[in-house]
Each structure stands twice: as C-alpha cells, then as structure tokens.
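# Structural overview
Below are the chains, spelled out letter by letter.
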Amino acid sequence: MNGPRAAAAAALILTFAGAFPPPGAAQGARDYPITPVPFTAVKVTDAFWAPRIETNRTVTIPTIFRKCEETGRIDNFAIAGGLMKGEYKGERYNDTDVYKTIEGASYSLMVRPDPVLDRYLDGVIAKIAAAQEPDGYLYTPRTASPLKLQPGIGETRWSELAISHELYNAGHLYEAAAAHFQATGKRTLLDVALKNADLAARTFGREAGKREGFPGHQEIELALVKLYRLTGKKDYLDLAKYFLDQRGRGLTLRQYPPGNRFAIYNDATQIQAHEPVLEQEEAVGHAVRLTYMASGMADVAALTGDRAYFEAVRRLWENVVGKKMYLTGGIGARHDRERFGESYELPNLTGYLETCASIGMAFWNQRMFLLTGEAGYLDVMERVMYNGILSGVSLDGTLFFYPNPLESDGRYRFNKGRAGRAPWFGVACCPGNISRFLPSVPGYVYATTGDILYVDMFIAGEARVALPGGTVGVRQETRYPWDGAVRLAIAPEKGGEFEVRVRIPGWARGRPVPTDLYRYEVSGAAEASIRVNGKAVPMDMDKGFARIRRTWEKGDTVDVLLPMEPRRVVAHPAVKDDEGFVAVERGPLVYCAEGPDNDGRTLGLALPEKAALKAEEKKDLLGGVIVLTGNARAADPAAVLRAVEGLAADAAADDEEDAPPASMRRLAPGAPLRPRPLVLIPYYAWAHRGETEMSVWLFKK
Ligand SMILES: [Zn+2]
C-alpha cells in the first residue's frame with residue numbers, strides 16, 4: 001500500500017492500536033489526492049474549540065440522548081424489535097437523531113474514553129439491532145407499526161422513496177456504525193449497517209430483477225462511501241454512484257393533490273431530481289440535501305476518477321459560493337421548503353440558513369479541498385465553522401438554532417416558533433448534527449499528500465503526522481481566532497526534507513470569499529508574514545498556501561502572523577437585501593450588533609465610513625470574547641422601514657408552508673441619524689441574553 005490509502009489505513013490502525021485491523025479496506029484503490037490527518041491523531045488543546053468540544057461531550061450529547069428517550073425515539077427501536085409494546089411515535093426520520101448522536105458520541109469516545117457512555121451506546125445499539133428485520137431491513141416506522149403506517153411511508157418497502165426517508169435513515173445508520181466501529185472496535189452496529197447495506201445493494205440497481213429508484217433525501221450516498229472505505233466492498237461505492245446517477249433520469253415522481261403536506265415534493269427541484277446530477281448547474285431545492293448530494297458527488301469523483309463528476313460538483317459549488325451563500329457561510333434563503341432562493345436572494349431577517357446546511361457546507365468544502373488542494377475551499381469551510389455552524393448551539397450546549405438568520409427584530413419567531421434559541425425541535429436534525437460535527441473538528445486541522453504537510457486550520461494542540469520520511473510531531477500554539485499569531489513547532493522523528501504548507505486565509509489576503517459575492521471595502525494595510533526559526537521568509541504562495549520546503553529538524557519553528565484589524569465587508573451589488581449596508585469581520589469571525597450591548601436597538605444602526613473600531617477583550621462576556629467598539633450613528637426605530645410588505649411583526653415561521661415573504665430593511669429618506677456608541681460581538685455568540693434585536697449588516701452612512 002502506498003499514498004493516501006496507506007495513510008487512511010494507518011489512521012485506522014492508530015485508532016485501534018493494532019488490536020482491531022480493518023475488516024478489509026480497499027487496497028490500492030483510487031482516492032482523494034489529499035488525506036486529512038485523522039482527528040484521533042490530533043489532540044486539540046485550543047482555548048476556543050476545546051471547551052466547545054468538551055461541552056458537546058459532557059452536556060450536548062447526554063442532553064440529546066435524554067430528549068431521544070423522552071420523545072420515544074429510542075423506544076421506537078425497542079418496539080420494532082419486540083422488546084416492548086407500543087406504537088411508533090414521531091416523524092418517519094426520527095431514527096436518524098439517534099444515529100447521528102451515536103456518531104457524535106463515538107467520535108467523542110475516540111478522543112476521550114468514557115466507559116459510562118460506551119455502555120450506554122451498547123444498550124441503544126442492542127435495541128437498534130433488535131429492530132432490524134431478518135433480511136437486513138431497518139426502518140422502525142414500518143416495523144414498529146406495520147398496520148398503522150403514517151403518512152409518507154409507502155404501503156410496501158421502498159414504494160415512496162421520494163418522501164419516506166427509508167434510505168436517508170439508512171445513511172445515518174451507516175455513518176454511525178462506521179464511527180462506532182472506529183471508536184470501539186466493536187462490530188455490533190457495523191454488522192447491522194453492513195447487513196442493511198447489503199440488502200440495499202441487492203435491491204437497487206439497473207440489473208434485471210432489481211428496483212430502480214433513488215432517495216428523496218440524499219445522505220446514503222456519502223454514507224455508502226464510508227462503508228466502502230471501511231470494507232473495500234465495491235458494491236457500496238457502485239450503489240452510491242447509482243443513486244446519484246438515477247436522479248433526474250426520467251423517473252416520474254408521484255404527484256400529491258394540492259394541500260397535501262407532501263405536495264411540496266411534486267416539484268422535482270425540491271429534491272434535486274429535475275435533471276441528472278451531472279447536468280445541474282444551479283443549486284436549487286432543499287439546501288441540506290444539496291450539500292449531502294454534492295459531498296457524495298465529490299466522493300464519487302475522488303474514488304472513481306470520474307472527471308464529469310468533478311466538473312459538475314465544481315459548477316454547483318461556484319453557483320452556491322458565488323451567488324447563494326450568506327456572509328456566515330450559511331445557505332438556504334427560504335423558510336418555505338427549506339430551500340435555496342434565486343441567485344443573490346439573501347434576505348437577512350427571514351433567511352433560513354439551517355444549521356444542518358452549514359454543516360453540509362463544511363463536509364462539502366473539505367472534500368473539494370481534498371480533491372484540489374485549493375485553500376479557497378478551506379476559507380469557506382473556516383467561515384462556516386466559526387460562524388454559521390457555531391451559532392447553531394448555545395455556549396452551554398443545551399439550546400439550539402435550526403435557522404441562523406443574520407438579523408432579528410426580537411419578535412419574528414424564526415426558530416420554529418421562537419425568536420431565540422430552543423431546547424429541542426419536533427424535527428430535530430440540527431442538534432444531532434452539531435453533536436457529531438464538533439468532535440470531528442480536530443480532523444480538519446492538518447492534511448497530507450506525498451511529503452507535503454498542510455496546515456489547514458489554526459487550532460492549538462498537538463498532532464502526529466505520518467509523512468514518507470517518518471512521523472512528524474506538530475505543536476500549534478495560538479490564541480486564534482482572537483489573535484493572529486500562530487506558532488508551529490515542527491519535530492520530525494528524524495530530520496529530512498519535506499514541505500509545510502500554511503493556509504494564508506483569504507480574509508488575510510483581502511478576499512473574504514473565493515468569489516465576487518463579498519469584498520472588503522478597503523484592502524488591509526498589514527499583510528500576513530511568516531518566520532522560520534525567527535527569520536522572515538518570502539511568501540511562496542501556491543493555491544492559497546505559503547510553501548516552506550526545507551530540511552526540517554527537531555526544534556524548528558514557524559511563526560505565522562495574520563493581520564487582525566477589523567474589516568468592513570460589502571456584498572455584491574446584486575444582493576438587494578445588503579445594498580447600502582456594511583458588515584464587520586475580524587479574523588475569521590463575522591461580527592454583529594446585539595440589543596443588550598446597544599441600548600436594545602440595532603436595526604437603525606449606521607456605521608460611518610471613517611468610524612474607527614477598537615478590539616477589546618471581555619473575559620466575562622459570552623464565554624470570553626473580543627468585542628469591537630466605536631462611534632456609530634443611529635436612526636429612530638420609526639425611520640427603519642421594511643421595503644417588502646406583508647411581514648407581521650410577530651409572524652412565526654414554524655410551518656414550512658407558512659413562511660413570510662422576504663423583507664428588506666431600509667432607512668426612511670432624510671431620517672436623522674444621531675451619534676451613538678457601538679458594540680459588536682461575534683455572530684456565533686448572539687442570542688444568549690434574551691430575545692433581542694440583532695443585525696450583522698449595518699447601514700452604510
Ligand atoms: Zn437540521
């Protein structure tokens with residue numbers, strides 16, 4: 001074995017300390033040209049991320065499991081398995097909340113052994129295994145209540161694939177199983193998953209005697225790839241590609257009568273089945289599904305070498321990041337059907353930006369980087385990690401956002417009936433997704449290809465990285481994202497030549513995003529710099545990385561200095577909602593004004609062009625943040641107008657079909673502006689102090 005495959009296998013072996021070799025990983029097969037250093041080889045001690053990851057382990061994961069118990073999500077497995085009496089409770093995709101949290105708990109176990117959690121998982125997995133039918137089928141809504149099928153569940157297996165979530169549920173089962181096996185070496189859940197995947201592979205395909213079809217909610221595709229990587233069984237990769245290839249190939253979707261809750265699926269764009277995936281050029285429909293589909297497409301491109309797949313997924317990316325992404329990296333403009341809007345349709349108050357879609361953006365952008373080595377994808381990933389994803393869970397780990405808008409008037413109930421954070425949702429996809437994303441963050445810090453070590457993210461900690469010349473220890477010290485100084489201590493086991501590539505973030509090079517969707521008003525005066533062993537080195541840039549190729553020895557240091565002055569950002573003029581507005585960033589963080597720091601009012605705030613902003617550390621505020629202060633101006637609340645009529649001040653958007661229209665904020669012509677002090681906080685930290693006004697975009701005056 002050599003190359004990335006060897007590294008991937010090494011990662012597995014590292015995880016199991018040699019005790020549990022992988023059951024037969026694909027050898028010598030094609031793969032991503034760049035391999036992430038697995039999070040099991042990266043110990044994060046970072047003052048910013050480590051507490052969030054620990055809170056996720058000690059608070060969020062137990063909280064979600066408790067909710068899953070209280071709401072019958074775990075009982076559903078027990079009922080389906082004949083372990084208890086009762087009827088299926090809840091929505092037809094509720095199994096996935098349990099799966100996703102098992103996945104998160106497993107990642108957590110890899111980094112930090114926890115016998116209590118380990119045993120708890122064993123108990124839940126026993127119920128899941130019991131719920132599996134003898135041939136491998138696993139879908140508790142049918143098995144638990146076969147005579148009382150809920151709407152959306154076909155009369156027979158797989159008969160309503162566009163809406164049943166049977167294959168979506170299976171996908172999350174596979175991801176959980178792969179994680180649990182890697183964490184514990186136990187095959188309990190993996191065997192369940194493989195049996196189910198084998199059933200899917202026997203059932204679906206173009207061959208005679210098989211069923212044609214594809215899932216309405218993508219997810220199984222990227223999950224099958226994980227099983228392929230683990231087992232080397234090519235059927236799984238073939239099935240993933242089959243499901244992608246089937247979309248938009250003339251299979252007619254069932255049509256539901258108007259008013260039926262499933263009528264939203266009459267429109268094939270909702271599930272990205274309006275044309276073959278290789279022909280899709282615009283990101284349409286349900287935003288989360290698009291990101292999972294694109295992640296699966298990137299996997300297929302990498303694992304099969306299919307160039308058409310790469311071109312197609314790259315086109316979709318250009319559309320999203322060039323025309324449909326919010327400043328926080330979030331996507332999905334509309335509450336209505338959780339959809340993308342038109343190009344440049346990015347309403348702030350009524351924007352959707354589902355937490356899951358942000359997480360999907362991270363999955364997708366990481367894959368694009370691994371395919372191309374271009375740092376621009378990591379710039380997007382960093383943007384969504386520090387802003388659009390992190391906002392999705394409260395600092396104490398107990399409260400969640402489903403939508404993550406860039407503006408709040410303190411009344412509009414954007415978050416499933418609330419104008420603030422919520423402890424749980426009827427449709428609870430987002431909390432479980434957060435619980436599995438946070439513990440995987442250490443896996444995004446480093447990557448390798450050949451004798452190149454990529455430093456992708458600035459997160460303090462220690463890593464052991466396998467390079468062809470031997471293992472290299474890397475210690476990263478930084479107070480990022482608050483401070484732009486990063487020290488890397490490079491310690492190869494034996495000295496030798498290799499290359500360290502340090503990402504110089506787009507924001508530090510005058511480009512907030514790798515498209516023209518956002519730009520800085522003024523390019524920063526200071527530039528990033530690098531010193532090796534204290535001596536300045538020229539910036540040898542390639543694909544957004546500074547290259548340092550030399551003979552390294554133990555004790556060598558690389559000091560990266562990124563300019564941290566606050567930056568004013570504006571949107572492309574075609575984004576009407578942001579026209580006349582400016583936002584503020586510092587480092588990777590998007591800032592916002594929130595009521596409690598600004599006399600309760602933020603919607604009339606204007607930031608004069610020459611206003612100086614000062615960074616001030618506030619150790620006791622919101623878990624410890626750097627705020628930005630300065631002199632702004634403010635209009636009277638009555639002078640703040642909504643340019644689009646029809647939004648009731650206290651409207652609720654808890655129903656997908658009951659969404660309000662987009663709403664632009666404008667200032668009444670000639671409205672007087674009075675001087676006012678301004679305080680900005682990091683966007684991810686808003687909504688911890690009541691239901692208040694909040695705005696990322698400030699009037700430009
Ligand atoms: Zn979600």
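Before reading further, recall that the structure is shown in the block above.
Residues numbered from 1 in each chain as written. Predicted model: local features only at pLDDT ≥ 70, side-chain atom pairs only at ≥ 80, totals over all residues. Heavy atoms only, no water.

## Observations regarding the sheet that holds strand 6 (residues 461-467)
Remark on secondary structure: sheet strands pair via backbone hydrogen bonds, oriented parallel or antiparallel. Stated precisely, the cut-off is as follows: Any two strands between which DSSP finds at least two bridges are classified as paired. A run of DSSP states H or I qualifies as a helix once it reaches four residues; a run of E qualifies as a strand once it reaches two. Both are numbered from the N-terminal end. With axes taken as lines fitted to C-alpha atoms, and helix axes fitted only over the stretch in contact, angles between N-to-C directions fall between 0 and 180 degrees.
Ordered in space as 2-6-7-8-15-11-12, the 7 strands form an open sheet in which the pairing is antiparallel. One side of each edge strand has no neighbouring strand; the edge strands of this open sheet are strand 2 (42-44) and strand 12 (535-537). Across the sheet, the axes of successive neighbouring strands diverge by a mean angle of 25°, strand direction being ignored. Relative to strand 6, strand 2 runs antiparallel, the two being bridged by 3 bridges. Looking at the pairing, Lys-43 lines up with Glu-462 of strand 6.

## Remarks on helix 15 (residues 375-389)
Short version of the rule: Given the number of residues in a helix, its expected span is that number minus one, multiplied by 1.5 Å. Each residue gets one of three labels from its accessible area relative to the maximum for its type: buried under 20%, exposed over 50%, partly exposed in between, using a 1.4 Å probe on protein chains only.
For helix 15, with 15 residues, the first-to-last C-alpha span of 19 Å sits near the 21 Å given by 1.5 Å per residue. The buried fraction of helix 15 amounts to 15 of the 15 residues, a majority that puts the element mostly inside the structure.

## Focus: the packing of aromatic side chains
Spelled out, the test is: The pairing test for Phe, Tyr and Trp rings, Trp by its six-membered ring, is centres within 6.5 Å, and the orientation test on the planes gives stacked under 30 degrees, edge-to-face over 60, and tilted for anything in between. Counting as a charge over the ring demands two things of the Lys NZ or Arg CZ atom: a distance within 6 Å of the ring centre and an angle within 35 degrees of the ring normal.
For the structure shown, the criterion picks out 30 aromatic pairs. Pairwise contacts between aromatic rings join Phe-48, Trp-49, Tyr-386, Phe-458, Tyr-480, Trp-482, Trp-507 and Tyr-684 into one cluster. The cationic tip of Lys-416 hangs over the ring face of Tyr-402; the distance from NZ or CZ to the ring centre is 4.2 Å. The ring of Phe-401 carries the charged tip of Arg-421 above its face, separated from the ring centre by 4.2 Å.

## Focus on the pattern of salt bridges
Stated formally: The term salt bridge refers to a side-chain nitrogen of Lys or Arg lying within 4 Å of a carboxyl oxygen of Asp or Glu.
Throughout the structure, instances matching the rule amount to 62 salt bridges. A salt bridge links Lys-416 to Glu-338, with the nearest nitrogen and oxygen atoms 4.0 Å apart. Highlighted residues: Lys-416 in the loop between strand 3 (407-409) and helix 16 (429-437) and Glu-338 in the loop between helix 13 (307-323) and helix 14 (355-372), separated in sequence by 78 residues. Taking the relative accessible area as the measure of exposure, Lys-416 reaches 24% and is therefore partly exposed. Across the pair Arg-665 and Glu-407 runs a salt bridge whose closest N-O atoms are separated by 3.1 Å. In this pair, Arg-665 is assigned in strand 23 (residues 665-667) and Glu-407 in strand 3, connecting sequence segments 258 residues apart. Side by side, Arg-665 and Glu-407 carry an identical accessibility label, which is buried.

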